[in-house]
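Examining the three-dimensional arrangement
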Amino acid sequence: MSKTHRPKRRPLNPAPGEWKAEDWSRGKIADYKPFNFVDGEGVRCSIYVSGCLFACPGCYNKAIQNFNYGVPYTDELEEQILMDLGESYCQGLTLLGGEPMLNTPILLPLVQKMRQRYGDTKDVWMWSGYTFEELLQETPDKLELLKLSDVLVDGRYEQDKRDLTLRFRGSSNQRIIDIQQSLKENKVVLWNDGRNE
């Protein structure tokens, strides 16, 4: 008697432009963590937005896949983040969640204001379930947020490729991409911190 095997669950795969941030974002965040050392290189201010549609099996932030999770993002919080970024020891801003690209109504104005205030003296790291190639075919708001950012950890979390030895990633399919260099060379260029990982 043969065992029936349940098909392996996979993350969802949207068509280009299928998921629009203005349709999904509820303007909520799960958390804001100033001055942490884990969400990218250096000391960072990290904003965790609420809501994600990829539904990756094994997601470690499953509660914040819900767009209504957490608290409303406010002008006061935005100003606090911008002030925190001004500290000389703070290297930059990290966008994660949830899915940053489904929360562009919050994050795009924040990053634009950060660039106006600090130029390129601060960097932006982002974790997204979208791949770099998918984002190039996405809606204008997503493309604009990508262009204003510096480092992208891209791709769905794939449980069968989980690897706890990887830096800044959960599964081996995910890449750490130098966004500006990739846009300049019109191909994916991996971020290099000198460790040759």
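Rules of the game
Residues numbered from 1 in each chain as written. Predicted model: local features only at pLDDT ≥ 70, side-chain atom pairs only at ≥ 80, totals over all residues. Heavy atoms only, no water. UniProt positions renumbered as here; feature names shortened; annotations may be inferred. Salt bridge = Lys/Arg side-chain N within 4 Å of Asp/Glu carboxyl O. Pairing = 2+ DSSP bridges. Helix = DSSP H or I, 4+ residues; strand = E, 2+ residues; numbered from the N terminus. Contact = heavy atoms within 4.5 Å. Axes fitted to C-alpha atoms, helices over the stretch in contact; angles between N-to-C directions. Disulfide = S-S within 2.5 Å.

In the nomenclature of an unreviewed UniProt entry, the protein corresponds to Anaerobic ribonucleoside-triphosphate reductase-activating protein from the organism Dolosicoccus paucivorans. Per its UniProt entry, the protein bears the Sequence similarities (unreviewed entry) comment "Belongs to the organic radical-activating enzymes family." As its UniProt record puts it under Function (unreviewed entry), the protein is described as follows: "Activation of anaerobic ribonucleoside-triphosphate reductase under anaerobic conditions by generation of an organic free radical, using S-adenosylmethionine and reduced flavodoxin as cosubstrates to produce 5'-deoxy-adenosine."

With that settled, the discussion passes to the pattern of salt bridges. A full pass over the atoms with the stated rule returns eleven salt bridges. It is possible to trace a salt-bridge network through shared partners that takes in R115, D120 and D150.

Our focus in this paragraph is the sheet that holds strand β7 (residues 175–178). Taken in spatial order, the seven strands of this open sheet run β3-β1-β2-β4-β5-β6-β7, and their pairing is mixed. Each end of this open sheet is capped by a strand with a single partner; those strands are β3 (71–72) and β7. Bridge count for strand β1 (residues 28–36) against β3 is two bridges, and the pairing is antiparallel. Its bridge partner being in β3, K28 is matched across the sheet by P72. Contacts between helix α2 (residues 75–85) and the sheet are confined to β1, β2 (43–49) and β4 (90–97), with β1 contributing the most and set at about 20° to the helix.

Okay, the state of the cysteines next. By the definition in use, this model includes zero disulfides. Between C59, a cysteine without a disulfide, and C56, which holds the nearest cysteine sulfur, the sulfur-to-sulfur distance is 6.4 Å.

Each neighbour pair has its own omega, and for G97 with G98 the value is 20°, a cis peptide bond. With respect to the helices and strands, G98 occurs in the loop between β4 and α3 (104–118). Of note in this structure, A55 is not a glycine but carries a positive phi near 50°. Its place among the elements puts A55 in the loop between β2 and β3.

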